[in-house]
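Spelled out from the first residue to the last, the chains are:
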Amino acid sequence: MSVAALGRAAGESVRKSVAGLPREFWWLWTSTLVNRLGAFVTTFMALYLTVERGYSASYAGLVAALHGLGGVVSAIGAGVMTDRLGRRPTLLIAQSSTAASVALLGFVQHPVAIAAVACLVGMTSNASRPAVQAMMADIVKPEDRVRAFSLNYWAINLGFAVSAGVAGFIAEYSYLAGFLGEAALTLVCAVLIYIKLPESRPERVFVDGRSAPETGMGTVLRDGRFMGVVGLSFVVALIFQQAFVGLPVAMGADGFSSSDFGMVIAFNGVLIVALQIPVTRFIEHRDTRRLLILSSALAGYGFGLTAFAGSLAVYVLAVCVWTLAEIVNAPTQTSLVVRLSPVDGRGRYQGMYTMSWAVAGLVGPLMAGFLIDRYGADWLWGLCAVLGTVAAGGYWVLMRALPADEVELSEVELSEVETGQDKGAEPVARPVVLSEATERP
């Protein structure tokens, strides 16, 4: 096949991947891209504390864990706000608060103050995730959601691919500039959301003139299959957390610089930018069970490969393996969460799912700091391989009850207002079932 033919095929693949998505999605996508272009704190916090400030790996792990604790605290609250207050107000509050707290983190110097502000940053930055995911589910048709979540993830990593390399060099001259740059771009996101994104929260459903009961947190917690997905998501997230805690600390201990780490971790973003769209076209209508099993195992063994890394080339190879797992896992997992969520409870369900990652952000750094300080990094990478195997087995067991060809779970939207049969009767909005299934499992 000629180069021109390959170019046409690639262009056609991109065109099919982006076609048919609403304008509101692209503004949300743009805000995600701008936000990730300024990513600095999560990527370079461990190096900032150990190299710039001279603290131990255990302290760096503690601060990263407090950052994760903030996310745990805000995940459920942000999910409830998303359902009750709305997607747009929640995003505006989260983004403006994140900008202020990240800027403050660049100036504090006392170890207790650093830990406290890091917790605040985790709380504010994580609060936007349930709102973003719920808004995306609101504005995108069910059959396009895997593609939409994949494109959003692609934007995250396009921004990350650019920011990781640039921020690595910025960090060698001024960590403060990195903090202030992230704060400024986060504030730009808040302005963009305020100007361009309307509220997308579905109207409450009324049947025979009465409001349908609200989905509460009790409903979420009693949903056994969904909570099983949340638990397995936590295990997988625990593995991926090591990209920003265990990996930079281990590379620093091996004598590599912050720019070396920035270059290695940038491969993660570059590969996702290059492969996310074609891989999504390949996996879009494939068996969810197999995709989650495969991606979990690849994540564990990819990080396990880091135990054999003695050069930048092997570090890059390990990153390539677990990046492939990430490309498959992220849109598949997020789309599954939407399938398992009722329309009026999307914020709460996404909040609980987000909390699984936030808890991993709390536990993962503590685990990494403890294992590296006590036993060495090889024990951490071996444990990652074990966790990947456990997660893969867990998905195999949990998803056996989910048929491979299960139809999209029911969604309810308001139809046009129908007039009651009796003269003078109040208009009644009746639900329209958009899929074949009428009850959630």
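Below you will find a few notes about this structure. (Residues numbered from 1 in each chain as written. Predicted model: local features only at pLDDT ≥ 70, side-chain atom pairs only at ≥ 80, totals over all residues. Heavy atoms only, no water.)

Here's the deal with the packing of aromatic side chains
Stated precisely, the cut-off is as follows: Side-chain rings of Phe, Tyr and Trp (the six-membered ring for Trp) are treated as a pair once their centres are within 6.5 Å; stacked means planes under 30 degrees apart, edge-to-face means over 60, and tilted covers the remaining angles. Numbering of helices and strands runs from the N terminus, with a helix taken as a DSSP run of H or I at least four residues long and a strand as a DSSP run of E at least two residues long. Accessible area is worked out with a 1.4 Å probe on protein chains only. A residue is then buried under 20% of its type maximum, exposed over 50%, and partly exposed in between.
The full count for this structure, using the stated rule, is 15 aromatic pairs. Relative to Tyr59, the ring of Tyr55 has its centre 4.4 Å away and its plane inclined at 45°; by these criteria the two rings are tilted. On the numbers, 6.3 Å between centres and 65° between planes, the contact of Phe240 with Trp322 is edge-to-face. Of the two residues, Phe240 is situated in helix 11 (residues 224-240) and Trp322 in helix 15 (residues 312-339); the sequence distance between them amounts to 82 residues. Phe240 sits in the buried class, given a relative accessible area of 9%. Three or more aromatic residues link up through ring pairs in this structure, and these residues are Phe240, Phe303, Trp322, Trp357 and Trp381.

Remarks on a nonpolar patch on the surface
Heads up, the condition is: Any residue with relative accessible area above 30% and no salt bridge may belong to a patch, with like charges joined within 9 Å and the nonpolar Val, Leu, Ile, Met, Phe, Trp and Tyr side chains within 5 Å. Calculation of accessible area relied on Shrake-Rupley with a 1.4 Å probe; when residues are assessed, cover is drawn exclusively from the protein chains displayed. Definition used for salt bridges: Asp or Glu carboxyl oxygen within 4 Å of a side-chain nitrogen of Lys or Arg.
Residues Leu37, Val162, Val166 and Ile170 make up a contiguous nonpolar surface patch of roughly 290 Å² in combined accessible area. The greatest single-element share of the nonpolar patch, amounting to three residues, is contributed by helix 8 (residues 145-173). Note that Val162 resides in helix 8.

Examining the environment of Leu305
For the record, the criterion: Here, two residues are considered to be in contact whenever any of their heavy atoms come within 4.5 Å of each other.
Along the chain, Leu305 turns up in the loop between helix 14 (288-304) and helix 15. Residue classification places Leu305 among the partly exposed residues on the basis of a relative accessible area of 24%. Between the C-alpha atom of Leu305 and that of Ala385, which follows or precedes it by 80 residues, the distance is 8.5 Å. Once residues lying within four places of it in the same chain are set aside, the contact partners of Leu305 are Leu317, Ala318 and Val321.

As for empty space enclosed by the protein
Heads up, the rule is: Residues are called lining when one of their atoms sits within 4 Å of a cavity or pocket point, these points coming from a 1 Å grid over the protein atoms alone, where a cavity is a set in which a 1.4 Å probe fits but cannot get out and a pocket is an open set with protein on both sides within 12 Å along at least five of seven lines. Grid points are joined across faces, edges and corners, and a volume is the space filled by probe spheres set on the points.
Here the structure, examined in full by the defined rule, presents two cavities of 30 Å³ or more. Taken as a whole, the second largest cavity encloses approximately 50 Å³ of empty space. Forming the walls of the second largest cavity are Ala46, Ala57, Ala60, Gly61, Val245, Gly246, Val249, Ala368, Gly369 and Ile372. Those elements that place two or more of their residues in the lining of the second largest cavity are helix 4 (57-84), helix 12 (246-253) and helix 16 (346-374).

Focus on the nonpolar core
As a reminder, the rule being used: Only buried Ala, Val, Leu, Ile, Met, Phe, Trp, Tyr and Cys residues count toward a nonpolar core, and they belong to the same one when joined by side-chain atoms within 4.5 Å.
Within the largest apolar cluster, 76 residues are counted, with the highest numbers of intra-cluster contacts made by Leu105 and Phe226. Among the elements that take part in this core, helix 11 stands out by supplying ten residues, more than any other. Among the nonpolar cores identified, the runner-up in size contains 23 residues, and Val140, Phe149, Leu151 and Leu197 belong to it.

What to know about the packing of helix 12 against helix 17 (residues 377-398)
We apply this condition: Angles here are taken between N-to-C directions and fall from 0 to 180 degrees, while the axes themselves are lines fitted to C-alpha atoms, restricted in helices to the stretch in contact. Working definition: roughly parallel below 35 degrees, roughly antiparallel above 145 degrees, roughly perpendicular at 65 to 115 degrees, and oblique for all remaining angles. The sense of a crossing depends on the near helix, which, turned anticlockwise from the far helix by less than a right angle, makes the crossing left-handed and, turned clockwise, makes it right-handed. Basically, the charged four are Asp, Glu, Lys and Arg, the nonpolar ten are Ala, Val, Leu, Ile, Met, Phe, Trp, Tyr, Cys and Pro, and anything else, Gly included, counts as polar.
It is at 11 Å that the axes of helix 12 and helix 17 come closest, and there the two elements cross at 150°. As judged from the angle between their axes, helix 12 and helix 17 are roughly antiparallel. For the pair helix 12 and helix 17, the sense of crossing is left-handed. Note on element contacts: helix 17 touches helix 12 through Ala377, Leu380 and Trp381, opposite Gly246, Leu247 and Ala250. Classifying every residue of the contact of helix 12 with helix 17 gives five nonpolar, one polar and no charged.

As for the pattern of salt bridges
Oppositely charged side chains may form a pair once their charged atoms are brought near each other. A full pass over the atoms with the stated rule returns five salt bridges. Ionic pairing is found between Arg87 and Asp83, a salt bridge with its closest N-O pair at 3.4 Å. For the pair Arg87 and Asp83, one class covers both residues: buried. Close ionic contact of Asp138 with Arg346 constitutes a salt bridge, the shortest N to O distance being 2.8 Å. Linking Asp138 in helix 7 (residues 128-139) with Arg346 in helix 16, this pair joins segments that are 208 residues apart in sequence.

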